[in-house]
Amino acid sequence: SAVISQKPSRDICQRGTSLTIQCQVDSQVTMMFWYRQQPGQSLTLIATANQGSEATYESGFVIDKFPISRPNLTFSTLTVSNMSPEDSSIYLCSVEWGRGYEQYFGPGTRLTVT
Amino acid sequence: AQSVAQPEDQVNVAEGNPLTVKCTYSVSGNPYLFWYVQYPNRGLQFLLKYITGDNLVKGSYGFEAEFNKSQTSFHLKKPSALVSDSALYFCAVSALGGGATNKLIFGTGTLLAVQP
């Protein structure tokens, strides 16, 4: 399986600011995914990021709020823009590994907005 | 629309006893089903999957799951629970997403508490 790292592991931010989360994979992968896990909740897919094309966003998520970059096959960033306390969540990136359809997840970024 | 239901918020079991964590699903077409575990302050770990083939699939840490098409269920099981199995368990189903890629839809999670 792939080894996935995320930076930062956690952060406390003020409302109105932006935070960029980095996701690094030790192998080349085609698809990367960004999920949000709000406190005590399940995971919700934010967007799918394919290298060389625009990210595809799920209903309820927009590019202006969550811009994503995918500059190469091992790296992606998610920016949480103009943050509010409602954005306090764990943000996780994942990759689809091989053709087994399972996804492997990074350790997550715990974001607190004050 | 695809969906996953985990009817139990919490399951309590004594160490050494068998455990079951329930999951039912709703998909159009053939389901791809997964179980993940989340330990406190850690990311999700893949446990096992059902894509096709035998209805009983085995995964990590002694866990297994049984796919039942007629009942649209994919319950997670382990013959003998350990205290270290205490964690949050998520069932997920794969659904076609943007770019014809499978995206995961997660259940609400079940907290497994194993008492010594």
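I will try to describe carefully the structure that is included in this document. (Residues numbered from 1 in each chain as written. Chains lettered and ligands numbered in written order. Predicted model: local features only at pLDDT ≥ 70, side-chain atom pairs only at ≥ 80, totals over all residues. Heavy atoms only, no water.)

Time to look at the overall build of chain A. Within chain A, the regular secondary structure consists of 0 helices and 11 strands. Here the C-alpha atoms of chain A give a radius of gyration of 13 Å, agreeing with the 13 Å that 2.2 N^0.38 yields for 114 residues. For the C-alpha atoms alone, the extent of chain A along its principal axes is close to 40 × 25 × 20 Å. Relative to its full complement of 114 residues, chain A shows a buried share of 52%. Long-range contacts, defined as pairs at least 24 residues apart, comprise 53% of the intrachain contacts of chain A with a sequence gap of at least 6. Just so you have it, chain A exposes about 5300 Å², and 47% of that area is on carbon and sulfur atoms. The distance from the centre of the 8 positive side-chain charges to the centre of the 9 negative ones in chain A is 6 Å. (Helix = DSSP H or I, 4+ residues; strand = E, 2+ residues; numbered from the N terminus. Rg over C-alpha atoms; globule rule 2.2 N^0.38 Å. Buried < 20%, exposed > 50% of the residue type's maximum accessible area, 1.4 Å probe, protein only. Contact = heavy atoms within 4.5 Å. Areas by Shrake-Rupley, 256 points an atom, 1.4 Å probe, with all protein chains shown as cover. Lys, Arg positive; Asp, Glu negative; His and termini not counted. Charge placed at Lys NZ, Arg CZ, Asp CG, Glu CD.)

In this section: the side chain of K78 of chain B. All names here are of chain B. Secondary-structure assignment places K78 in strand β9 (residues 73-78). Separated by 2.8 Å, the side chains of K78 and D85 make a polar contact. Ignoring anything within four residues of it in the chain, the contact list for K78 reads P18, L19, Y61, G62, F63 and D85. (Polar contact = N/O pair within 3.5 Å; in protein donor to acceptor, adjacent residues only side chain to side chain.)

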